[in-house]
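# Overview (structure and organization)
In case you want the letters, here they are:
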Amino acid sequence: MARIIVVTSGKGGVGKTTTSASIAMGLAKKGHRSAVIDFDVGLRNLDLIMGCERRVVYDFVNVINGEANLNQALIRDRRSDNLYVLPASQTRDKLALTQEGVGRVFEELSEDFDYIVCDSPAGIEHGATMAMYFADDAIVVTNPEIASVRDSDRMLGILASKSRRAENNEEPIREYLLLSRYSPERVEQGEMLHVEDVQEILALELLGVVPESKTVLTASNSGIPVILDQEGDAGKAYRDAVERYLGEELPHRFIEVQKKGLFGRLFGG
């Protein structure tokens, strides 16, 4: 039975699609058959981040409506045989996602996949609530800013009360915090919340801290999940997050300002 992971946030623009693509790719690279689904009907950005936008023929809504089967709509990633993408529709209304239809797709995917990663829209719109309803695990993505953290706190209430697990009185959704666009230098200057402040407000297990990095934008524009960047700190942070999700105990990096060595202090490097 597949584990369903929803990547969610209360605020837009915090890095959910980047996170969804990287987590799904990381799980696939670890040998787990993984599917990543775009729940943002009407916008559709996941296929761009994954670099498969020209290969989209059928989408999530086509499958729900019986206009195509799942094998026709799933796009295999060219970099990993273990990873498949199910794109959203750009032309349909968000209400095209029905609970019955989404549940049927999950049931079918669960026969062949170990993990299903759901790239959720921000907030509590229809697509987001559909993704959250079926979740086993939730990765709550937030920036170290009070508005983003406050909105994420609201999402936790919905995850706890309006999921299938809550309705059936089952074990609660496992919730994780992923802090994105983190800058220790700006934290030191009082421009951002420290990771400990965010944890104190949200009280979630910290899955990872992704530093502010130009490589994220570069990778996204190139259609490459940033986790595949072997040199950049953001790629390393996402690989660490996948390891922790799978049960590894790793120290958190990229939280403190890097101290300059003697050469750097002498020459400003």
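Here goes a summary of the coordinates provided. This structure is a prediction, so every number in the text was calculated from the model and none was measured. (Residues numbered from 1 in each chain as written. Predicted model: local features only at pLDDT ≥ 70, side-chain atom pairs only at ≥ 80, totals over all residues. Heavy atoms only, no water.)

### Looking at the overall build of the chain
Helix and strand counts for the chain come out as 13 helices and eight strands. In terms of C-alpha radius of gyration, the chain reaches 18 Å, essentially the compact-globule figure of 18 Å for 269 residues. Of all 269 residues assigned to the chain, the portion counted as buried reaches 54%. In the chain, the proportion of contacts linking residues at least 24 apart, taken out of those at least 6 apart, comes to 75%. Carbon and sulfur atoms make up 46% of the accessible area of the chain, which totals about 12,700 Å². Once the 31 positive and 42 negative side-chain charges of the chain are each reduced to a mean point, those two points are 5 Å apart. (Helix = DSSP H or I, 4+ residues; strand = E, 2+ residues; numbered from the N terminus. Rg over C-alpha atoms; globule rule 2.2 N^0.38 Å. Buried < 20%, exposed > 50% of the residue type's maximum accessible area, 1.4 Å probe, protein only. Contact = heavy atoms within 4.5 Å. Areas by Shrake-Rupley, 256 points an atom, 1.4 Å probe, with all protein chains shown as cover. Lys, Arg positive; Asp, Glu negative; His and termini not counted. Charge placed at Lys NZ, Arg CZ, Asp CG, Glu CD.)

### Some thoughts on the sheet that holds strand β7 (residues 174–182)
An order of β3-β4-β2-β5-β1-β6-β7-β8 is seen for the eight strands of this open sheet, with the pairing classed as mixed. Taken across any chain shown, the strands that pair with only one partner, and hence form the sheet edges, are β3 (75–76) and β8 (205–211). Relative to strand β6 (residues 137–142), strand β1 (residues 3–8) runs parallel, the two being bridged by four bridges. Paired with Thr-8 across the bridge in β6 is Val-140. (Pairing = 2+ DSSP bridges.)

### Topic: the pattern of salt bridges
One pass over the structure, following the stated rule, counts 12 salt bridges. As a salt-bridge pair, Lys-30 and Glu-243 come within 2.7 Å of each other at their nearest N and O atoms. Of the two residues, Lys-30 is situated in the loop between α1 (16–29) and β2 (34–38) and Glu-243 in helix α12 (residues 233–245); the sequence distance between them amounts to 213 residues. Of the charged contacts, one joins Glu-212 and Arg-186 as a salt bridge, the two residues approaching to 3.5 Å between their closest N and O atoms. Of this pair, Glu-212 sits in the loop between β8 and α11 (214–221) while Arg-186 sits in helix α9 (residues 184–188); the two residues are 26 residues apart in sequence, bridging distant segments of the chain. By relative accessible area, which is 30% here, Arg-186 ends up partly exposed. (Salt bridge = Lys/Arg side-chain N within 4 Å of Asp/Glu carboxyl O.)

### Describing helix α10 (residues 195–202)
Where α10 is concerned, the buried positions are Val-195, Val-198 and Leu-202. For α10, the angular spread of buried residues about the axis comes to 60°, placing them on one side. Of the exposed residues in α10, the ones pointing more than 90 degrees away from its buried face are Glu-196 and Glu-200. Residues of α10 that are buried in the fold lie against β6, α7 (146–161), β7 and β8. (Arc of directions from axis to C-beta.)

### Details of the packing of aromatic side chains
For the structure shown, the criterion picks out seven aromatic pairs. Ring centres 5.7 Å apart and planes at 75° place the aromatic pair Tyr-84 and Phe-113 in the edge-to-face group. Here the residue Tyr-84 occupies a position in strand β4 (residues 83–86), and Phe-113 occupies one in the loop between α5 (99–109) and β5 (115–119), the gap between them amounting to 29 residues. Residues Tyr-84 and Phe-113 agree in their burial class; the two are buried. Ring centres of Tyr-133 and Phe-134 lie 4.9 Å apart, and the angle between their planes is 85°; on these two criteria the pair is classed as edge-to-face. Each member of the pair Tyr-133 and Phe-134 is classed as buried. Taken together, the aromatic side chains of Phe-39, Phe-60, Phe-106, Tyr-133 and Phe-134 make up a single cluster linked through ring pairs. (Phe/Tyr/Trp six-rings, centres within 6.5 Å; stacked < 30°, edge-to-face > 60°.)

### Things to note about empty space enclosed by the protein
Applying the stated criterion across every chain, the model contains one cavity of 30 Å³ or more. Looking at the largest cavity, its volume works out to about 30 Å³. Forming the walls of the largest cavity are Gly-208, Val-209, Ala-237, Asp-240, Arg-244, His-252, Arg-253 and Phe-254. Residue contributions to the lining of the largest cavity peak at three residues, all from α12. In terms of residue class, the lining of the largest cavity is made up of three nonpolar, two polar and three charged. (1 Å grid on protein atoms, 1.4 Å probe; cavity = no way out; pocket = protein on both sides within 12 Å on 5 of 7 lines; lining within 4 Å. Points joined across faces, edges and corners; volume = space filled by probe spheres on them. Nonpolar A, V, L, I, M, F, W, Y, C, P; charged D, E, K, R; others polar.)

### So, the layout of surface pockets
The volume enclosed by the largest pocket comes to roughly 300 Å³. The wall of the largest pocket is formed by 19 residues, among which Gly-13, Lys-16, Thr-17, Thr-18 and Asn-45 lie closest to the centre. Those elements that provide at least two residues to the lining of the largest pocket are α1 and α2 (46–50). The dominant element in the lining of the largest pocket, judged by the number of residues it contributes, is α1, at three residues.

### Description of the pairing of β5
Here β5 lies mainly inside the structure; five of its five residues are buried. Burial along β5 is two-sided: the face carrying Tyr-115, Val-117 and Asp-119 and the face carrying Ile-116 and Cys-118 are both buried. As paired strands, β1 and β5 are joined by five bridges and run parallel to one another. Counted as the bridge partner of Ile-4 is Ile-116 from β5. Here β2 pairs with β5 via five bridges, running parallel. Paired with Val-36 across the two strands is Val-117, which belongs to β5.

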